[in-house]
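These are the residues of each chain, in order.
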Amino acid sequence: MKIELLKADITEINVDAIVNAANTSLFGGGGVDGAIHRKGGKVILEECIQIRNRQGGCKTGEAVITNAGNLPSKFVIHTVGPVWNGDKEEKSKLLADCYENSLNLAVENGIKIIAFPNISTGIYHFPKDKAAEIAIKTVKDFDKSSQIDKVIFVCFDDENYEIYKEILENHE
Ligand code: AR6
């Protein structure tokens, strides 16, 4: 599995699946979630509503998949990051679960290239450095990594981009 770093708007990325930092309702919201629903159109929300009717939303750390509507990618994997409240251990485990469950769903759906935003580091206030370490470690440790060709970390803000760059360069 290759790992790539990009500073970009994830809604413009043309890959098999982009990941959304959603909330448990799956009804959309602000941040990257808002951008994905706005640009992807109502097909995404309709599928989210179907999932909600079937299983009652998405728990923190879990992931669900929909089509990507008008976005250039084929699928959107919606995962719900933890809200940071200082409980380091529990929240770190939940954030790692987001990456792992999204990757598992990608493998189940034959997705080869997947792009992640910096889950929980916006409205949910997870410390960016800690979140980046967890994201990179979880992706690198992923058991079925040979079944995915490429993981792209898509940073929107300079701070996250610099943090990822530093960790990725130092680990190589
Ligand atoms: N492309 C890539 N990354 C983005 C984009 C974009 N278009 N827009 C923002 N980011 P956030 P959270 C980055 O707040 O912290 C929503 O209301 C942003 O710079 O989107 O997991 C949901 O419905 C930040 O680094 O997600 C939930 O209620 C990262 O995406 C809640 O926010 C995550 O920021 C989830 O909060």
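Residues numbered from 1 in each chain as written. Predicted model: local features only at pLDDT ≥ 70, side-chain atom pairs only at ≥ 80, totals over all residues. Heavy atoms only, no water.

Caption draft 1: Focus on the environment of F27. With respect to the helices and strands, the residue F27 is situated in the loop between β2 (17–22) and α1 (31–40). With 82 residues separating them along the chain, F27 and N109 place their C-alpha atoms 23 Å apart. Not counting residues up to four positions away in its chain, the partners in contact with F27 are L45, I49 and R52. (Helix = DSSP H or I, 4+ residues; strand = E, 2+ residues; numbered from the N terminus. Contact = heavy atoms within 4.5 Å.)

Caption draft 2: Geometry of the nonpolar core. In terms of nonpolar packing, the biggest core is built from 33 residues, with I77, Y99, I114, F116, F153 and Y164 touching the most fellow members. The element that contributes the greatest number of residues to this core is helix α3 (residues 88–108), accounting for 8 residues. Those residues in contact with Y99 that lie beyond four places of it in its chain are F116, P117, N118, I119, A135, T138, V139, F153 and Y164. Ranked by size, the runner-up nonpolar core spans 19 residues in total, among them C58, V76, A115 and I152. (Core = buried A, V, L, I, M, F, W, Y, C linked by side-chain atoms within 4.5 Å. Buried < 20%, exposed > 50% of the residue type's maximum accessible area, 1.4 Å probe, protein only.)

Caption draft 3: Looking closely at the confidence of the model for the protein. Counting all residues, the mean pLDDT for the protein is 97, and 99% of those residues have values of 70 or more. Confidence, read as mean pLDDT per element, is least for helix α5 (residues 158–171) in the protein (95) and greatest for β2 (99). (pLDDT = per-residue confidence, 0-100.)

Caption draft 4: Quick peek at unusual backbone geometry. The phi dihedral of L26 falls on the positive side, at around 65°, and the residue is not glycine. A positive phi angle, near 60°, is found at H125, a position not held by glycine. Within the element layout of this structure, H125 appears in the loop between β5 (113–116) and α4 (128–141). Looking at H125, the relative accessible area reads 59%, which means it is exposed.

Caption draft 5: Local environment of the site of the ligand. With respect to spatial proximity, 22 residues lie near the ligand, and among them N23, G30, V32, D33 and T121 are the closest. One of the backbone nitrogen or oxygen atoms of I123 is found 2.8 Å away from an oxygen atom of the ligand. Here Y124 contributes a backbone N or O atom positioned 3.0 Å from an oxygen atom of the ligand. Taking 700 Å² as the accessible area of the ligand by itself, protein coverage stands at 91%. Among the secondary structure elements, those contributing two or more residues to the shell around the ligand are β2 and α1. Among the residues forming the shell around the ligand, the class breakdown is 9 nonpolar, 10 polar and 3 charged. (Near = heavy atom within 4 Å. Polar contact = N/O pair within 3.5 Å; in protein donor to acceptor, adjacent residues only side chain to side chain. Areas by Shrake-Rupley, 256 points an atom, 1.4 Å probe, with all protein chains shown as cover. Nonpolar A, V, L, I, M, F, W, Y, C, P; charged D, E, K, R; others polar.)

Caption draft 6: Representation of the packing of aromatic side chains in the model. Enumeration over the complete set of coordinates arrives at 4 aromatic pairs. Judged by centre distance (5.0 Å) and plane angle (45°), the rings of F153 and Y164 are tilted. Placement of F153 in strand β6 (residues 150–155) and of Y164 in helix α5 is noted, with a sequence separation of 11 residues between them. According to the relative accessible area criterion, F153 is buried, its value standing at 0%. Every member of this aromatic cluster is reached through a ring pair, and the members are Y99, F116, F153 and Y164. (Phe/Tyr/Trp six-rings, centres within 6.5 Å; stacked < 30°, edge-to-face > 60°.)

Caption draft 7: Expanded view of the environment of N53. Here N53 lies in helix α2 (residues 42–55). Sequence separation of N53 and W84 is 31 residues, and the distance between their C-alpha atoms is 28 Å.

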